[in-house]
Amino acid sequence: MKNLPNTTSMSPSPTMIDTNNNNNSKPPATTSDEKGGPPSPPPHTRTAQQILQEYQVDPSCGLSNDRAAQLLTQYGPNQLKPPETPSAWKIFLQQVTSAMNLVLIAAVAVSFAIHDWIAAGVVGALVILNVSVGFTQEWKAERVLASLASVGSPVATVLRHDPKSTSSTRVGQSRIVEGKAKSVPSVDVVPGDIILVKIGDVVPADARIIPGFLSNLECDEALLTGESMPVSKTADPIDQADCPVGDRTNMIYSGSQVTKGRARCVVTMTGMHTELGKIAKALESKEGTKEEGWKLLVHRLKAGLGLADSTPLQITLNKLAYWLLLGAIILAIT
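So, how was this worked out
Residues numbered from 1 in each chain as written. Predicted model: local features only at pLDDT ≥ 70, side-chain atom pairs only at ≥ 80, totals over all residues. Heavy atoms only, no water. Helix = DSSP H or I, 4+ residues; strand = E, 2+ residues; numbered from the N terminus. Buried < 20%, exposed > 50% of the residue type's maximum accessible area, 1.4 Å probe, protein only. Contact = heavy atoms within 4.5 Å. Areas by Shrake-Rupley, 256 points an atom, 1.4 Å probe, with all protein chains shown as cover. Phe/Tyr/Trp six-rings, centres within 6.5 Å; stacked < 30°, edge-to-face > 60°. Arc of directions from axis to C-beta. Pairing = 2+ DSSP bridges. pLDDT = per-residue confidence, 0-100. Patch = residues over 30% accessible without salt bridge, like charges linked within 9 Å, V, L, I, M, F, W, Y side chains within 5 Å. Salt bridge = Lys/Arg side-chain N within 4 Å of Asp/Glu carboxyl O.

Let's talk about the overall build of the protein chain
Here's step 1: Counting its regular elements, the protein chain contains 9 helices and 10 strands.
Here's step 2: Evaluated residue by residue, the protein chain yields a buried proportion of 37% over its 334 residues.
Here's step 3: Within the protein chain, counting contacts between residues at least 6 apart in sequence, those at least 24 apart form 76% of the total.
Here's step 4: Carbon and sulfur atoms form 60% of the exposed surface of the protein chain, whose accessible area is close to 18,600 Å².

Take a look at the structure:
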């Protein structure tokens, strides 16, 4: 795989194009069934030229301002869905009504009933400590999840042009218009945009690297893959459609940071359809139940006791706590 350190083509200075052959007024021939979703097959398996043709965009010019506005209306802003604001009371009640704390609270009640004040005080202190630690950890986790929407750069450098620009000139029968690099809010980045990334930049959207505009690019993708080392990028297509995100070296992803080099890329996915958006969607989604009638009531009761709608490990621990409570009751009776 060959990287071309063409510093001339990587320059953010204006370039010139022939607008007679520019078909930016045509809609991109996306084959996705979902608005703003990726084209099919995945972009990392296709050549950059195929994606550029799909969005009808010139890599030396970028989208026109009018076409970018149309795509922004079509696909929506490039931002993650704001998560629900964490509720302190809800988190506190969840901690108090957890299986282990319910068992300890029951032990406190029994200790008070038999006038064992020392045991009641010790177990009560354990309940307070357990609820405090659990609440603190859960609150921090919810705050981290809520801050996921703010991950990314507030601005992006894109290549845009204005077909009606007064700076255009004519060469023979063709009218030449300048394409210029400009900074725009990241929320205004759309599929088909040509973005320019360099060292220190945070990638604003998922994009396919364009051959001939790649110069020793490396990106830190720890947010997505957990890999501590930066990933060296290439421009050649990858045959395996379902390869892991970390192996898609011809793509750059929203939220990752450029640690070396620079490149020019065509945006393929924005907003909640990026890999970062998929993570945010998975974190906030909860699997529902199809139960009805009395079965639905039983399911809600089990969920309230922590025996459903939770992780397998948490369900196992809750079951253990209830068995311990049952065993303690039997021993107390006998």
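Now, onward.
Considerations on the environment of Thr 225
Here's step 1: As for its placement among the helices and strands, Thr 225 is situated in helix α6 (residues 222-225).
Here's step 2: Among the residues examined, Thr 225 registers a relative accessible area of 28% and is labelled partly exposed.
Here's step 3: Sequence separation of Thr 225 and Val 245 is 20 residues, and the distance between their C-alpha atoms is 7.1 Å.

A few points about the packing of aromatic side chains
Here's step 1: Under the definition given, this model contains 3 aromatic pairs.
Here's step 2: Between Trp 89 and Phe 92, the aromatic rings sit 6.2 Å apart at their centres with planes inclined by 90°, giving edge-to-face as the arrangement. Here Trp 89 pairs with Phe 92, and both are found in helix α3 (residues 88-96), just 3 residues apart, close to one helical turn.
Here's step 3: Judged by its relative accessible area of 66%, Trp 89 falls in the exposed class.

Quick notes on helix α2 (residues 65-75)
Here's step 1: Residues Arg 67, Ala 68, Leu 71 and Tyr 75 constitute the buried set of α2. Taken down its axis, α2 places every buried residue within 100° of arc, on the same side.
Here's step 2: If you follow the buried residues of α2, they end up packed against β2 (63-64) and β3 (155-161).
Here's step 3: Looking at the residues trailing α2, positive phi occurs at Gly 76, about 85°.

What to know about the pairing of strand β6 (residues 194-198)
On a regular strand, each side chain points to the face opposite its neighbour's, so the side chains alternate between the two faces of the sheet.
Here's step 1: The element β6 is extensively covered by neighbouring structure, given that 4 of its 5 residues are classed as buried.
Here's step 2: For β3 and β6, the ladder comprises 2 bridges, and the chain directions are antiparallel. Directly across from Leu 159, in β6, lies its bridge partner Ile 194.
Here's step 3: When β6 meets strand β10 (residues 257-269), the two strands line up antiparallel, connected through 5 bridges. Counterpart to Ile 194 in the pairing with β10 is Val 266.

Let's talk about the environment of Met 269
Here's step 1: Within the secondary structure layout, Met 269 lies in strand β10.
Here's step 2: For Met 269 and Val 190, which are 79 residues apart along the polypeptide, the C-alpha to C-alpha distance reads 7.9 Å.

Some remarks on the confidence of the model for the protein chain
Fine structural detail should not be taken from predicted coordinates in areas where pLDDT scores are low.
Here's step 1: Averaged over all residues, the pLDDT of the protein chain equals 78, while 77% of them reach at least 70.
Here's step 2: Confidence scores differ between elements of the protein chain, with strand β1 (residues 15-18) showing the lowest mean pLDDT of 42 and strand β9 (residues 251-252) the highest of 95.
Here's step 3: Confidence drops under a pLDDT of 50 for residues 1-39, and excluding neighbours within four residues, the segment shows 99 contacts in the predicted structure.

Some details on a nonpolar patch on the surface
Here's step 1: Together, Ile 118, Val 122, Leu 126, Leu 129 and Val 133 make up an exposed nonpolar region whose accessible area comes to about 490 Å².
Here's step 2: With respect to the helices and strands, the residue Leu 129 is situated in helix α5 (residues 117-146).

Observations regarding the pairing of β10
Here's step 1: Sheet analysis places strand β7 (residues 206-220) next to β10, joined by 9 bridges and oriented antiparallel. Directly across from Ser 215, in β10, lies its bridge partner Arg 262.

Details of the environment of Gln 53
Here's step 1: Summarising the element assignment, Gln 53 is placed in helix α1 (residues 48-54).
Here's step 2: It is 9.7 Å that separates the C-alpha atoms of Gln 53 and Gly 192, two residues lying 139 residues apart in sequence.

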